[in-house]
Structures are given as structure tokens and as C-alpha cells.
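Examining the three-dimensional arrangement
Take a look at the letters that make up each chain.
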Amino acid sequence: MKRILCFVVLIFLLINLVGCSNSDTPDIEQIKSDLIGRSFISGYKSWQFASLSEFKELKITSEKRQGDVWELDTDIKVQDVNSSQSYDLDCKIVYKKSDGKWQIVSVNGQIN
């Protein structure tokens, strides 16, 4: 009986460890905060992330991590705080881990 219980506990711990393997990367709220002050140009338009209140939704559509580089494709819905106009942004955000902290190194996107 002890063996079975130990086995079940071991399996539970392993599942949790594997499930948390990417947990050191920033979450959605941290990504939003990290974007404040960043900007990009899309054709003749540009966007600067100015305030957390302009974010209506941020979805990660795909991600790739290789070592200390984390690339995200995102779908971001924002509302301009001055004009109240809504925009859909398709952004590629690249993070790099340096000194144990993830930092954005580039933001590129398209304004729809």
C-alpha cells in the first residue's frame, strides 16, 4: 500500500513539474506592463503603448522558446485613450532573458 501511495505522489509531482516548465516566463499582465512605452510602425501608421487601460484583450497565438529567447505572436485588442477608437494589433514580441529577468528586445506588428 505504501508503494502505491508513493508512486501516486511521485506521478503527481512529476505532472506538476512538467506542467510548470514554462512558468518562469512573463504572464499576460506582465507582458502588458512590459509593452508600456514601446512602439512600432506599420505602413503609414504607428502605435505606442501608453497605458494599461488601453488594453482590451491580449492573446498569445503562438510562441517559441529557444534558450534565453522567447518569441510570441500575439493578437492584441486596444482602444485609443484619446480618440476611443478600437484597433486590432498583430504583434510579434521578442523577449530575452538577461541576468535572470525577461526583457522585451523588440516589438513589431501590424495595425488592423
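Preceding block: the structure.
For the structure given in this document, a descriptive report is provided here. (Residues numbered from 1 in each chain as written. Predicted model: local features only at pLDDT ≥ 70, side-chain atom pairs only at ≥ 80, totals over all residues. Heavy atoms only, no water.)

Some details on the nonpolar core
Within the largest apolar cluster, 20 residues are counted, with the highest numbers of intra-cluster contacts made by Leu35, Phe49, Ile76 and Leu89. Those elements that provide at least two residues to this core are α2 (28-35), β3 (55-66), β4 (69-79), β5 (86-98) and β6 (101-111). Here this core gets five residues from one element, more than from any other, and that element is β5. Ignoring anything within four residues of it in the chain, the contact list for Ile76 reads Leu35, Phe49, Phe55, Glu57, Leu58, Tyr87, Asp88, Leu89 and Cys91. (Core = buried A, V, L, I, M, F, W, Y, C linked by side-chain atoms within 4.5 Å. Buried < 20%, exposed > 50% of the residue type's maximum accessible area, 1.4 Å probe, protein only. Helix = DSSP H or I, 4+ residues; strand = E, 2+ residues; numbered from the N terminus. Contact = heavy atoms within 4.5 Å.)

Notes on the pairing of β3
Alignment of β3 against β4, held across ten bridges, turns out to be antiparallel. Bridging from a neighbouring strand, Arg65 pairs with Trp70 of β4. The turn linking β3 back onto β4 is made up of two residues, and Gly67 within it adopts a positive phi angle of 60 degrees. (Pairing = 2+ DSSP bridges.)

Topic: the packing of aromatic side chains
All chains considered together, the criterion is met by six aromatic pairs. Here the aromatic rings of Trp47 and Phe49 are separated by 6.5 Å at their centres, their planes lie at 75 degrees, and the arrangement is edge-to-face. Pair check on accessibility: Trp47 and Phe49 agree, each one buried. Members of the aromatic cluster, joined through ring pairs, are Phe40, Trp47, Phe49, Phe55 and Tyr87. (Phe/Tyr/Trp six-rings, centres within 6.5 Å; stacked < 30°, edge-to-face > 60°.)

Quick look at the environment of Gln79
With respect to the helices and strands, the residue Gln79 is situated in strand β4. For the pair Gln79 and Phe55, spaced 24 residues apart in sequence, the C-alpha separation works out to 6.7 Å. Sequence-distant contacts of Gln79, defined by excluding residues within four places in its chain, comprise Glu54, Lys56, Ser84, Gln85 and Ser86.

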